[in-house]
2 protein chains.
Amino acid sequence: MRSLDEHRAATLALAAPLPAIEVPLLDALGLVLAADVTTQAALPRWDNSAMDGYAVRAADVAAAAVDAGVVLRVVGDVAAGSADEPEVAPGTAVRIMTGAPLPPGADAVVPVEQTAVPDAPAGDPAEPQWADGGGAGLVEVRAAVAPGAHVRRAGEDADAGEAVLPAGALVGPTHLAAAASVGRATLVVHRRPRIAVISTGDELVEPGAELRRGQIPDSNSWLLAAAVLDAGAEPLRLGPVADDPAALHRLLVGLDAGEHGTVDGIVTSGGVSVGAFDVVKAALADERGVEFVRVAVQPGKPQGLGRLPGGTPIWTLPGNPVSTHASFEVFVRPAIRRMLGLADVERPRTRVVVGEGWRTPPARAQLMPVRRVPSDEVPADDVRSDDVRSDDVSSDEGGLPRVRRATARGSGSHLVARLPQAHGLAIVPADVDEVRAGDTLEVFWT
Amino acid sequence: MRSLDEHRAATLALAAPLPAIEVPLLDALGLVLAADVTTQAALPRWDNSAMDGYAVRAADVAAAAVDAGVVLRVVGDVAAGSADEPEVAPGTAVRIMTGAPLPPGADAVVPVEQTAVPDAPAGDPAEPQWADGGGAGLVEVRAAVAPGAHVRRAGEDADAGEAVLPAGALVGPTHLAAAASVGRATLVVHRRPRIAVISTGDELVEPGAELRRGQIPDSNSWLLAAAVLDAGAEPLRLGPVADDPAALHRLLVGLDAGEHGTVDGIVTSGGVSVGAFDVVKAALADERGVEFVRVAVQPGKPQGLGRLPGGTPIWTLPGNPVSTHASFEVFVRPAIRRMLGLADVERPRTRVVVGEGWRTPPARAQLMPVRRVPSDEVPADDVRSDDVRSDDVSSDEGGLPRVRRATARGSGSHLVARLPQAHGLAIVPADVDEVRAGDTLEVFWT
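Keep in mind it's a predicted model, so treat the numbers as computed, not measured.

*Asks:* It is not clear to me how the packing of helix H3 (residues 220–230) of chain A against helix H6 (residues 321–340) of chain A should be interpreted in this structure. Could you clarify?
*Replies:* Two packed helices can be described by the angle between their axes and the distance between those axes. Residues and elements named next belong to chain A. Relative to each other, H3 and H6 sit at 25 degrees, their axes nearing to 11 Å. It follows that H3 is roughly parallel to H6 by the angle criterion. Once H3 is placed against H6, the crossing between them reads as right-handed. Contacts between H3 and H6 involve Asn-220, Leu-223, Leu-224, Ala-227, Val-228 and Asp-230 from the former and Pro-321, Thr-324, His-325, Phe-328, Arg-333 and Ile-336 from the latter. In terms of residue class, the contact of H3 with H6 is made up of seven nonpolar, three polar and two charged.

Laid out in structure tokens, this is it:
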């Protein structure tokens, strides 16, 4: 049998970053930069004011203080967005708003809060008062400022030609802001993968349909489509297909040949075990690029993996929903993340302490859905509330988060209704036969 | 001045969970359940097989062992999805596949791996062989099984009428699987908020446009639109608007009156400080439902907050991009998360240790963009790589994650090109005047 790590390496080897495309800013959110984003010009482009106040010559107000104001004549206005360049001669000032270019002659800005308007009527003392900017007003400066004070220097944020965003970065809101600020209306990113999702089995019907004996609603294609979305890719959900190997083979070959548009990968569930009618194994029996293997992991032992003749990667996962979920997490999600262009394709992991133990299969790793619990929780048969957050992986100082099995009624790989109670999957190494209360394990949060 | 926590409480008070709507499964991803999801029937509905193998009477094979097989006649087949109910009489067995209903008479399942076919030709020893299921075949059972072995009992996963998903749960892939498994094709969730986003300023032009002196590309509306999306809501980006209070007032009143479709909230940036032309303050000066306050936080001191006459909440944030970002994170995002229907509206937080210190403003809390760094990093002037993951909040056992300021060239609130280097915002309490290397702080990861 193949080890968990060997099969993970095999599945990652199928994936490579997809080609680069240019997209509008918002469409790049959640995708990965395929090229550095550089500035054409220095950022900011001009010396500009960091405050609302008055552009001055620092030497003019070197002696200013609260009780010894220096009066300057206000010769003009530079609002944000203004292209005006009123000269600040000795003894004068120019009203300036945050972000406006520093006018010629000025070398510092005095914030409006450090000024007063001579002979102005008393107003709200918390609200600063402005001198008239039309050329006849006076302002009393009540604090000395050093040359350069409250001035943002051209190039302070980035030099011309500098990379402000590196290739490989996952684009978030602040990346869009940085790109926009250097004048970019589009970004070059790796294309979003489009992944076909198929569940198999004669027993499956669409949710909501009437069930006769032996039938169950299909849940795996919804699980996989949502997990593909959650991984950052676009799902093509093809719904449940029947146990007809020839029909399934035609569907897979058609996907591989582009009959359903661009498809960067195919994920199936079910039909890969030792059953007498296992449809995925039968459909792919003659495809030399696909192999069926047993992996030393529970759940998820029977796995299929490979490429169809046209080069499309295919992952055939077992059909028990808990197996499908764990297999997607460890074998498919990292490959999708690599297609997106990410260098680090793994979920965040933490060490946790086990609240209640359980027995594990010998000589196989185990992926156990676990739930974070308060460190003082009394073991209970079952918990249905959702009060502990899956992403809250902090813990008391020094302590590790505490977990127990999410599927407390049992650990069968069919307990799909219990899966939402899990916050992550604990990884029990193959050489561990029993997990005991107080043991520590590694968990990745899902 | 209002404290950070007081203003957070005021902003959350503006938000309530939006009305419930019914949506198809995949559309519910990322939304919050407005009602419990219950099973109509027990789950699973029938006793069924947990393995590929043979349905037997346990008493028939009580003496079976590897070297003492018990031969049974195979009287039928139950594939998954089959409605057949072949009777298992004493001395007989029925082939059964994983998930298929247990036929009458049988009380246990023997996995195919624990059987052999008498007189069958030798095949691949790793592949199990199947007896003919047509009625004439024989199977040799080589292991005793207890009554109930490898049988999934009806109701084992959930009882009829039981809630499998609680109201308030954030819908992820496994929630969709659980809902589908109980036959739900739709889910009842709180409607997704639609949030209008406006940046203000005569200096702003769309990214990509030619800049004349004094102009800069608008980045805040992109930042806010992406942050709204990232928070789980739908942005309505209205782009930069000029410093014209009457025009802005008409736009805001029109949004409030439904002229742009459903709008559940409005976020603006800029024009709320002490400038002589601050457009948002001027536009809303006569709106009694909106107040402008100073909050004891840096960045983000000038804030406006309230409701327009039609009831639409509005948050007016300061316009320096780093202020806009921090203000959205602490004042707007939690409100959007509450509109979504979440009880816990906060980002995950952890304590971190500070690598390099900095001075902070007296008597004001500080929200400092920080970057996670390796614990042995030598302080550097600047780092542009993106090698540390924002969601990797684990740390060495016992140790806390180590951070330093993301905007190492400065801490000015205009350093938008540096923001993507931040993994989170550190919260420096108002009574701290200086952060020293080795201090611990709370960080929320963005």
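There's more to say after this.
*Asks:* I would appreciate a short explanation of the packing of aromatic side chains in the present structure.
*Replies:* The geometry of an aromatic ring pair comes down to the distance between the two centres and the angle between the two planes. Residue and element names in this part refer to chain A. For the structure shown, the criterion picks out two aromatic pairs over all chains. For the ring pair Tyr-54 and Trp-130, a centre distance of 5.5 Å and an interplane angle of 45 degrees mean the geometry is tilted. Remark: Trp-130 occurs in the loop between strand E8 (115–116) and strand E9 (137–141) and Tyr-54 occurs in strand E4 (residues 53–56); sequence separation between them is 76 residues. Neither Tyr-54 nor Trp-130 differs from the other in exposure class; each is buried. In this structure, Arg-237 is placed above the aromatic ring of Trp-222, and the distance from its NZ or CZ to the ring centre is 3.6 Å.

*Asks:* Would you explain the domain arrangement of chain A in this entry?
*Replies:* By convention, interface size is frequently given as the accessible area that disappears when the constituent parts associate. All names here are of chain A. When its domains are assigned, chain A resolves into domain 1 (4–18 + 192–340), domain 2 (20–39 + 167–190), domain 3 (48–152) and domain 4 (349–445). Taken together, the 16 residues of domain 1 in the interface contact 17 residues of domain 4. Counting each side, the surface lost to burial between domain 1 and domain 4 is near 1400 Å², with a carbon and sulfur contribution of 67%. If you look at where domain 1 meets domain 4, you find zero salt bridges. At the boundary of domain 1 and domain 4, one finds five residue pairs in polar contact (both at pLDDT 80 or more). Of all the elements in the fold, those that place two or more residues in the side of domain 1 that touches domain 4 are helix H1 (4–12), strand E19 (297–298) and H6.

*Asks:* Could you clarify how one ought to interpret the interface of chain B and chain A in this entry?
*Replies:* Facing 103 residues of chain B, the contacting portion of chain A comprises 103 residues. Of the roughly 8500 Å² buried where chain B meets chain A, counting both sides, 59% is carbon and sulfur surface. Summed over the shared surface of chain B and chain A, the result is four salt bridges. Broken down by secondary-structure element, the contributors of at least two residues to the side of chain B that touches chain A are strand E11 (163–165), helix H2 (173–181), helix H3 (220–230) and strand E22 (349–354) of chain B. With eight residues, H2(B) is the single largest residue contributor to the side of chain B that touches chain A.

*Asks:* What should I look at first to understand the sheet that holds strand E5 (residues 70–78) of chain B in this one?
*Replies:* Sheet strands line up and pair through hydrogen bonds in the backbone, either parallel or antiparallel. Residues and elements named next belong to chain B. With mixed pairing, the six strands of this open sheet are ordered in space as E7-E4-E6-E5-E9-E8. If you trace the sheet from one side to the other, it starts and ends with strand E7 (108–111) and strand E8 (115–116), each paired once. When strand E4 (residues 53–56) meets E7, the two strands line up antiparallel, connected through four bridges. By the bridge assignment, Ala-55 is partnered in E7 with Val-109.

*Asks:* Looking at this structure, how should I read the environment of A:Val141?
*Replies:* Residue and element names in this part refer to chain A. For Val-141, the location among the structural elements is in strand E9. Counting along the chain gives 83 residues from Val-141 to Leu-224, while the straight-line C-alpha distance between them is 66 Å. Beyond its immediate sequence surroundings of up to four residues, Val-141 is in contact with Val-61, Ala-64, Gly-69, Val-70, Leu-72, Val-110, Gln-114 and Thr-115.

Cut-offs and rules
Sequence positions are assigned chain by chain, starting from 1 and proceeding in written order. Numbering of ligands from 1 and lettering of chains from A proceed in the order in which they are written. Given that the model is predicted, a residue must reach a pLDDT of at least 70 before its local features are reported, and side-chain atom pairs must reach 80 or more before they are shown or counted; all residues, however, enter totals for whole chains, interfaces and linings. As a convention, hydrogens and water are excluded, and side-chain values are obtained from all of the structure's heavy atoms. Each axis is a line fitted through C-alpha atoms, taken for helices only over the stretch in contact, and angles between the N-to-C directions span 0 to 180 degrees. A helix here means a DSSP run of H or I that spans at least four residues, while a strand means a run of E at least two residues long, and both kinds are numbered starting from the N terminus. Just so you know how the angles are binned, under 35 degrees is roughly parallel, over 145 roughly antiparallel, 65 to 115 roughly perpendicular, and the rest oblique. Handedness of a helix crossing follows the sense of rotation of the near helix relative to the far helix, less than a right angle counterclockwise being left-handed and clockwise being right-handed. Two residues form a contact once any of their heavy atoms are found within 4.5 Å. The classification used treats Ala, Val, Leu, Ile, Met, Phe, Trp, Tyr, Cys and Pro as nonpolar, Asp, Glu, Lys and Arg as charged, and all other residues, Gly among them, as polar. Here is the rule: rings of Phe, Tyr and Trp (six-membered ring for Trp) pair when centre to centre is within 6.5 Å. Planes less than 30 degrees apart are stacked, more than 60 are edge-to-face, and the remainder are tilted. The buried label goes to any residue with under 20% of its type's maximum accessible area, the exposed label to any with over 50%, and the partly exposed label to all in between, with areas taken from a 1.4 Å probe on protein chains only. Whether a charge lies above a ring is judged from NZ of Lys or CZ of Arg, which has to be within 6 Å of the ring centre and within 35 degrees of the ring normal. Here the limits of each domain have been adopted from an automatic or database domain assignment. Buried area adds together the accessible area that both of two parts lose upon being put together, with accessible area traced by a 1.4 Å probe. A carboxyl oxygen of Asp or Glu within 4 Å of a side-chain nitrogen of Lys or Arg is what we treat as a salt bridge. Residues adjacent in sequence count toward polar contacts only when both atoms are side-chain atoms; beyond that, a polar contact is any pair of N or O atoms within 3.5 Å, and within protein one must be able to donate a hydrogen and the other to accept it. Here, any two strands with at least 2 DSSP bridges between them count as paired.

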